[in-house]
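Each chain is listed here by its residues.
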Amino acid sequence: MTPKAAVRDRLIRLADRLGVDSLYRAVLGRHSGALNGRVLTFHEIAPEEVDAFDRLLDLLVSEFDPVPLGTLVDSFRGDGPTTGPRSVAVTFDDGFDSWLDTVVPSLRAHGVPATFFLTSGFVDAETTAEMHAFARENLRLSPTTSLDWDDVAALAADPLFDIGGHTRTHPDLGAVSPDAIEAEVREDRDRIEAATGVVPRFFAYPFGAPWNVPAAARAAVAASGYDAAFTLEPGYVTARSDPYLLPRDGSEPTFSPALLRARLRGSYDPIKRPLDRIRSYVR
Ligand SMILES: [Zn+2]
């Protein structure tokens, strides 16, 4: 962890101990209406990280209310049972084959539902060399390997899990043309439907910071038939949220339960913007 991240995480836990979260939720509720819960994001979980990941799932089950992403979005749309501030939907991005040995057994053992957002071009990579090259060049990760379509179809058929779209090749959508954005979104959705027989309802923007999500990307996703789309900006899904710019909390298996608890109570949200500003000055 970088020294800056360590300072940030200490501030988040301090804000949580001071009870910033309950004041923040009261103010947010007054301005933005019902709080429908939060969406948590992970990427790859390595075998040596499974114990830490299991401790985070223990926390979710004991102190929060894990729900399918579809349940949270339906509540937000006023179209199903109501979720609340303690509701959490768990998601995973990109399509790593290690999920089958690490993430899937842990989620099943805890009864925690999850949505897997797939970069379909990664799943289409056939040889290990192609997968490694895709991970390095497109996902900006160290070499790793992808699920195949049989794995994806099995996940899609499991009632605990569902599949979402995450583009064909994982570009920074803030750096490509509107035509390229439209093709990335549409071809990925078509590929997932053709391979699994299931039409994905949800989309996650690659990288997910505000500068990775231009207006053209939001427009392309909204026009393609998705019910909702997710960034990687932390926050509550509220009655006033934009359905195509819903927040998600980026998280790591290395987070302590105390840090994850603080983030899921919203203790990071009111201090994120000032911290980002300070960071932009000291960079
Ligand atoms: Zn991604």
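Values in this document were obtained by computation on a predicted structure and should not be read as measured data.

What counts and what doesn't
- Throughout this description, residue numbers start from 1 for each chain and increase along the sequence as written.
- Per-residue local features of the predicted model are confined to residues with pLDDT of at least 70, and side-chain atom pairs are confined, for both listing and counting, to 80 or more; whole-chain, interface and lining totals are unaffected and use all residues.
- We call a residue exposed when 12 or fewer other C-beta atoms sit within 10 Å of its C-beta, buried when the count reaches 20 or more, and partly exposed for counts in between; the C-beta positions come from the backbone.
- In this description a helix means any DSSP run of H or I spanning at least four residues, a strand means any run of E spanning at least two, and both kinds are numbered starting from the N terminus.
- By definition, residues are in contact whenever their C-beta atoms, placed on the basis of the backbone, come within 7 Å of each other.
- Inter-axis angles, ranging from 0 to 180 degrees, are taken between N-to-C directions of lines fitted to C-alpha atoms, where helices are fitted over the stretch in contact.
- For any pair of crossing helices, the crossing counts as left-handed if the nearer helix is rotated counterclockwise from the farther one by less than a right angle, and right-handed if it is rotated clockwise.
- Charged means Asp, Glu, Lys or Arg here, nonpolar means Ala, Val, Leu, Ile, Met, Phe, Trp, Tyr, Cys or Pro, and polar covers whatever is left, Gly included.

*Asks:* Explain helix 4 (residues 69–76) to me, using residue names and the numbers behind them.
*Replies:* A large share of helix 4 lies buried, amounting to six of its eight residues. Leu69, Leu72, Val73, Asp74, Ser75 and Phe76 are the residues of helix 4 that are buried. Of the surrounding elements, those touching the buried residues of helix 4 are strand 1 (38–42), strand 3 (87–94), strand 4 (114–118), strand 6 (202–204) and strand 7 (228–230). In the segment just after helix 4, Gly78 is the residue with positive phi, at about 70°.

*Asks:* Explain the environment of Arg17 to me, and be specific about the residues and the numbers.
*Replies:* Mapped onto the fold, Arg17 is located in helix 1 (residues 3–17). Note: C-alpha distance between Arg17 and Asp93 (76 residues apart in sequence) is 31 Å.

*Asks:* Describe the environment of Ser146, with residues and values.
*Replies:* Positionally, Ser146 belongs in the loop between helix 7 (128–137) and helix 8 (149–157). Taking the C-beta count within 10 Å as the criterion, Ser146 has 28 such neighbours and is therefore assigned buried. Each residue touching Ser146, except ones within four places of it in the same chain, is listed here: Gly95, Phe96, Asp97, Phe122, Val123, Ala125 and Met131.

*Asks:* I'd love a proper account of the packing of helix 9 (residues 178–196) against helix 10 (residues 215–223), names of residues and values included.
*Replies:* Two elements in contact, helix 9 and helix 10, have axes whose closest approach is 9 Å; the angle formed by their N-to-C orientations is 35°. Handedness of the crossing formed by helix 9 with helix 10: right-handed. Facing Pro178, Ile181, Glu182 and Val185 of helix 9, the residues of helix 10 in contact are Ala216, Ala217, Ala220 and Val221. Looking at the contact of helix 9 with helix 10, its residues break down into seven nonpolar, no polar and one charged.

*Asks:* Can you tell me about the environment of Ala109, naming the residues and giving the values?
*Replies:* Structurally, the position occupied by Ala109 is in helix 5 (residues 103–110). Taking C-alpha positions, Ala109 is 9.7 Å from Leu57, a pair spaced 52 residues apart along the chain.

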